[in-house]
Amino acid sequence: GEPAGILHAAPGESLQVKLSGFIHNNRGDRCIHQLILAVDTTIAAELSDGVPGRGREISKKVRIEAPKEVGTYMLWRFSDLQYSMRDARRNFEHRHNRVTLDLYPAGFVGWLIVEGAAHQKPP
């Protein structure tokens, strides 16, 4: 991925983010392809689940939840070739219990910086 920016949030804040990109299969084959946006070791959003063939644009708004702990978190993409998004999610959860150096630069999307105190709703 190409780094697209830096998001700032308070701990636990819900962010609406517009994502855009391009997804394609190897040589345009007919494999079912899943694409997920991750924040460190957590799935933040499901971006695509289908057969993109020679390619298709992705443009969607998603809501992601900032982690509850202050810190800097990597936004990155995870793709898989499974029969369902459920199977791709299961693979993600089994394979990614920590952020590793091999995610950068190919899977890198950007940074989520969580800072300050959580916003309190007025009584």
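From a predicted model like this one, the values you see are computed outputs, not experimental measurements.

What counts and what doesn't
- Note on numbering: residues in each chain are counted from 1, in written sequence order.
- Side-chain atom pairs in this predicted model are given and counted only at pLDDT of 80 or more, local residue features only at pLDDT of at least 70, and totals for whole chains, interfaces and linings cover all residues.
- To obtain the side-chain values, all non-hydrogen atoms of the structure were included, while hydrogens and water were left out.
- Residue exposure (1.4 Å probe, protein chains only): buried if accessible area is under 20% of the type maximum, exposed if over 50%, otherwise partly exposed.
- Each helix corresponds to a stretch of at least 4 residues labelled H or I by DSSP, and each strand to a stretch of at least 2 residues labelled E; elements are numbered beginning at the N terminus.
- Arc definition: it is the arc formed by the directions from the helix axis to the C-beta atoms.
- What qualifies as a polar contact is a pair of N or O atoms within 3.5 Å, subject to a donor-acceptor requirement within protein and to the restriction that residues adjacent in sequence count only when both atoms come from side chains.
- When checking whether two residues touch, look at their non-hydrogen atoms; a contact exists if any pair is within 4.5 Å.
- Here, any two strands with at least 2 DSSP bridges between them count as paired.
- Comment: axis = line fitted to C-alpha atoms, over the contacting stretch for helices; angle = value between 0 and 180 degrees taken between N-to-C directions.

Asks: Hey, could you go over helix H1 (residues 85-95) for me, with residue numbers and the actual values?
Replies: Residues Met85, Asp87, Ala88, Asn91 and Phe92 constitute the buried set of H1. Axial view of H1: buried residues confined to an arc of 160°, hence all on one face. Exposed and oriented more than 90 degrees from the buried face of H1 are Arg86 and His94.

Asks: Outline the side chain of Ser48, listing residues and values.
Replies: Relative to the assigned elements, Ser48 resides in strand S4 (residues 42-50). Looking at Ser48, the relative accessible area reads 6%, which means it is buried. A distance of 2.8 Å separates a polar atom in the side chain of Ser48 from a polar atom in the side chain of Arg56. Contacts of Ser48, omitting those with residues within four sequence positions, involve Ile23, His33, Gln34, Leu35, Arg56, Ile58 and Met85.

Asks: A description of the sheet that holds strand S6 (residues 71-80) should follow, citing residues and the corresponding values.
Replies: Pairing in this open sheet of five strands is mixed, and the strands run S1-S7-S6-S3-S4 from one edge to the other. The sheet is open, and its two borders are formed by strand S1 (5-9) and S4, each paired with just one other strand. Direction aside, the axes of adjacent strands within the sheet are offset by 20° on average. One ladder, built from seven bridges, connects strand S3 (residues 33-39) with S4; its direction is antiparallel. Its bridge partner lying in S4, Leu35 is registered against Ser48.

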